[in-house]
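An overview of the molecular structure
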Amino acid sequence: MNIGFLVQKSARIGSRGVLLATVSLFSLSSVAFAQAVNAGTVSAHGVEASTAIKLKKTDHRLTKKRIFASAQTKAVISRQQIELVSPAAGVAQALSLAPGVAVRGYGGSAGTARYEFSLRGAKVGWSSVNGDAERNGITVLFDGIPMNNLTSHNGQWDSNEIPILQLISGINVINGPGNPASRWFDSIGGTVDFIPVQPTARPQYEVGGVFGSHATYGGHFIANTGLIDGWSILFAGGYLRNNTFRVGVPGVNFHAPSESNAYFGKVTHVFDGGTISFGGYDDNNHEERPSPLFIPIAPIAGITTEGLGADAPLYSQSTSGYYSLLSPSVWFKHIQVRDYMLYGKLSLDLTPDLTFHDNAWFRHGARVHYRVNNFVPGTSPNSEYYYTVSDTYGNQAYMDWRLPLNDVKFGGYAINQRYQPIYLGYNTPSIGSSQVNPIQISNFVLYNTFLDGYIQDRITPFSGLSVTPGLAAVEYQTDFNNNEMGNPANVSVTGNTHKTFTNFEPSIGVRYQATPWGALYASYAESYQNPTDNGFGANNSNAGAVDIAGLKPVKSLDFEIGAKMLFRDVGLFHRASLNINYFHDDLNNESIATYVTNFALTKFAAANATLKGINIAATVDPNFHWHAFSNISFSNNRYRSYLPGGATVPLTNLPISYNPKVILSAGIDYKTFVQGILMNAGLLDQYTGSQYLFNNLTTAPSYVKQKGFNLVNLNLGADIPVPRRVSGAVKVLKLAFNISNLLGTRYNPVQYISSGGYFGGNSAGTILVAPGAPREYLVSVTAKF
């Protein structure tokens, strides 16, 4: 059994590979030790019960009790809450149920599309527009393993990398950097862990399907062997396919289909001295993305349904239709997102009070972007083929030492990545111009090594009070290598560069529990983030735009204060919780990239920002029948200074674009038995407040607002027991009916002010939008065995 292969490194790493190899060998020796310890496993009933308990502990989903006991701002989305969103939705829609989270994108709620989500103003994902203060400020985990590309500005993480929502059992959310033990390289805004279904103690099997609007259909399966001699094996997967909700203009019968599949397997072994598990995840997504993605709100002279200046009807929401879509012969785009991950986890009890943990992983990511744009006659190039490949190796190891008045954790991680994006711009059809002989080319490689070491101590001097000081040391190493220097067609003109940042990250958390049901807490954390690839010269056609000597890591100073309440069997409530949190996060040394043409990066902004606001989250379960939750967030996120590229005087006190001042999510679920059938009905109401647009023409935030919008979802379900005389295999048949956007709200979740580069002509200064989905109907059927 060998985890060591997961940390093999390119020869380019040089001496930096020593630490990674050392950590890997530590993992390898630990696994060998675990194998030796495992020789004593037996199968008596008492041991089987103990084994089942240990297996359950490997499921690291947060609980309300754990959140209550923490001095950090945290949240958890349960499977019950996830079922309030569409069964064909993606993980971004499920995450929108957490406090302070806003989601925007072009796909409505389809899990096959890509979305960006914001956590109190820090963001990750894809929204197709500029204007994010902290675009990649959230670390995304899958079963505790990082999914983020270490450096990419675009495509650092795409939400359709987890397209099958049925494979997710819960979502852990940490707001802000958190403690050193849970902090990662992109966690300055928060950490989100999507917890997949887990191996179980008892055999469990299910298979299901979903069908509905816009030719949506798909299916999933989950197979769990249960414990067999200390081993439990899970294999799960799913497929989802849908057309766009956009409607072709007269004469266009194109539905922009998309499809996704994902598979997950995990083997967990429980033995006397701990647990070991091996996991693998694979996803593959193909989108014929609606193109052009954006549409003018109001008609613009010359912008027609057949291209710029054509003798055809004007193209806008008010003339060609709110959801109108052009012919792929005018504008076409295909996107593929593909990933796979392999990982191993070890938890080893060295003594009753000391546990060693080790996680090793490999992640491969790939993305293809193929576009043909004939909207503007004579555009050169009119076609582009852009593909990226990244390979990431990592190892995290730490000790957990539990003493009478202390819980000490110390350890760290080492991660290395090779990332290569290649862009080819050419004309189709054209003699002498093709992917083989492009008019424009960009081809570079970035090597990143991220190192982290930390120690933290949760000190409990007396009952009710805990203090958790921590200190982390991080090092971010980046090598940028331009493979096309000297090529006349090269559009990335920055030469080879290297930069290393080394910083210390102090933090402290304090929690005081005055009553059995209430606690106060406060925390402070200083953390750093490596600049994205654009800061080192990626995709840059302006030789003077990159300042390597002056480049700094993004610095976050985060302060949190709040109160938590957790009730059980109090008055009319069986269970209830209330969390109130104020946050203030200063972001400094930001290098913000702005794209104002199809490819070339032409502007950098230097900025310092403040994210601040209040989150209130409440849940209540009066009894078996009822469950309700509500989250409301208020924020006032602004730039303290914003210096657009080429400017000499910074702008001050500007609102940060695409940060709703108010976000509200409220859901209620009722269930009851009717003649032995468990019936349930759920209603979800989500409001996204007004927000300011980004202006590509000035390359700065604007004071132009987009309106807020409210969406309501309805979910009806029935769990029908299946008698043995009907089926000896199927135990329960679960039926569900979902209506998304129940009220048929028309809304445009993504908007911006154009510089004129998207449609050409006289479109500069106009507002372009991507509409949200209309009312959709979905039916799902799941058989449990």
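Residues numbered from 1 in each chain as written. Predicted model: local features only at pLDDT ≥ 70, side-chain atom pairs only at ≥ 80, totals over all residues. Heavy atoms only, no water.

1. Quick word on the overall build of the chain
- Each helix and strand in the chain was counted, giving five helices and 41 strands.
- Its C-alpha radius of gyration of 26 Å places the chain within 12% of the 28 Å reference for a compact globule of 785 residues.
- Here the C-alpha coordinates of the chain stretch approximately 80 × 65 × 50 Å along the principal axes.
- Put simply, the chain has 785 residues, and 60% of those count as buried.
- The long-range fraction of contacts in the chain, counting pairs at least 24 apart against all pairs at least 6 apart in sequence, stands at 68%.
- Accessible area of the chain: about 29,200 Å², with a carbon and sulfur share of 61%. (Helix = DSSP H or I, 4+ residues; strand = E, 2+ residues; numbered from the N terminus. Rg over C-alpha atoms; globule rule 2.2 N^0.38 Å. Buried < 20%, exposed > 50% of the residue type's maximum accessible area, 1.4 Å probe, protein only. Contact = heavy atoms within 4.5 Å. Areas by Shrake-Rupley, 256 points an atom, 1.4 Å probe, with all protein chains shown as cover.)

2. Points about the sheet that holds strand β6 (residues 145–146)
- The strand order β1-β7-β8-β5-β6 describes an open sheet built from five strands, whose pairing is mixed. Single-partner strands in this sheet number two, and they are β1 (74–77) and β6.
- Here two bridges tie strand β5 (residues 138–142) to β6, and the two strands are oriented antiparallel to one another. In the strand pairing of β6, Phe 142 is matched with Ile 145. (Pairing = 2+ DSSP bridges.)

3. Quick look at the packing of aromatic side chains
- In this structure the tally under the stated criterion is 35 aromatic pairs.
- Both rings, one in Trp 331 and one in Phe 759, keep their centres 5.9 Å apart while their planes meet at 75°; by these two values the pair is edge-to-face. Within this pair, whereas Trp 331 is found in strand β19 (residues 331–351), its partner Phe 759 is found in the loop between β39 (750–753) and β40 (767–770), the two being separated by 428 residues in sequence. Like Trp 331, the residue Phe 759 is buried in the burial classification.
- Following the ring pairs from residue to residue traces out a cluster consisting of Phe 294, Tyr 315, Trp 331, Phe 375, Tyr 752, Tyr 758 and Phe 759.
- For Arg 511, the ring lying beneath its charged end belongs to Phe 68, and the centroid distance is 5.0 Å.
- For Lys 564, the ring lying beneath its charged end belongs to Tyr 521, and the centroid distance is 4.5 Å. (Phe/Tyr/Trp six-rings, centres within 6.5 Å; stacked < 30°, edge-to-face > 60°. Lys NZ or Arg CZ within 6 Å of the ring centre and 35° of its normal.)

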